[in-house]
Amino acid sequence: MNVTGPHEDRVADWMSQKEIVECLACGSSSFMTQEVCALMVTGSRPSPTPGGGPAVPLLPVICIECGYAMTFHAGKLGLI
Ligand SMILES: [Zn+2]
């Protein structure tokens, strides 16, 4: 498995431990990461405005071959 981008070593180790080694859509084992982003949530409805509700810190991991994107809680990866 190849992971490039921010936090690539930590993300590759974590994905290997969880046996997430292939893209669910195309079977590729090449991924890229982005910076941690936050999904804002207000109660049961999403909020488009920052500060509109509790934040869930997420790390996108994207398949380089097909673009399939997975997101993981950044805290579970030890990034926050
Ligand atoms: Zn893919």
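Bear in mind that the values here come from a model prediction, so they are computed numbers and not experimental data. Position labels on residues start from 1 in each chain and follow its written sequence. The predicted origin of the model limits local features to residues at a pLDDT of at least 70 and limits the giving and counting of side-chain atom pairs to 80 or more, whereas totals for whole chains, interfaces and linings rest on all residues.

**Quick notes on unusual backbone geometry**
As a rule of thumb, non-glycine residues mostly have phi less than zero, and peptide bonds are mostly trans rather than cis. Short version of the rule: Helix and strand definitions follow DSSP, with helices as H or I runs of at least four residues and strands as E runs of at least two, each counted in order from the N terminus. With C-beta atoms placed from the backbone, a residue is labelled by how many other C-beta atoms lie within 10 Å of its own: buried for 20 or more, exposed for 12 or fewer, partly exposed between the two.
Although it is not a glycine, His-7 sits at a positive phi angle of roughly 65°. You can see His-7 is positioned in the loop between strand E1 (2–4) and helix H1 (8–17). Take His-7: there are 19 C-beta atoms within 10 Å of it, and that puts it in the partly exposed class. The phi angle at Glu-19 is positive, at roughly 60°, despite the residue not being glycine. Relative to the helices and strands, Glu-19 resides in the loop between H1 and strand E2 (30–33).

So yeah, pure geometry; function would need other evidence.
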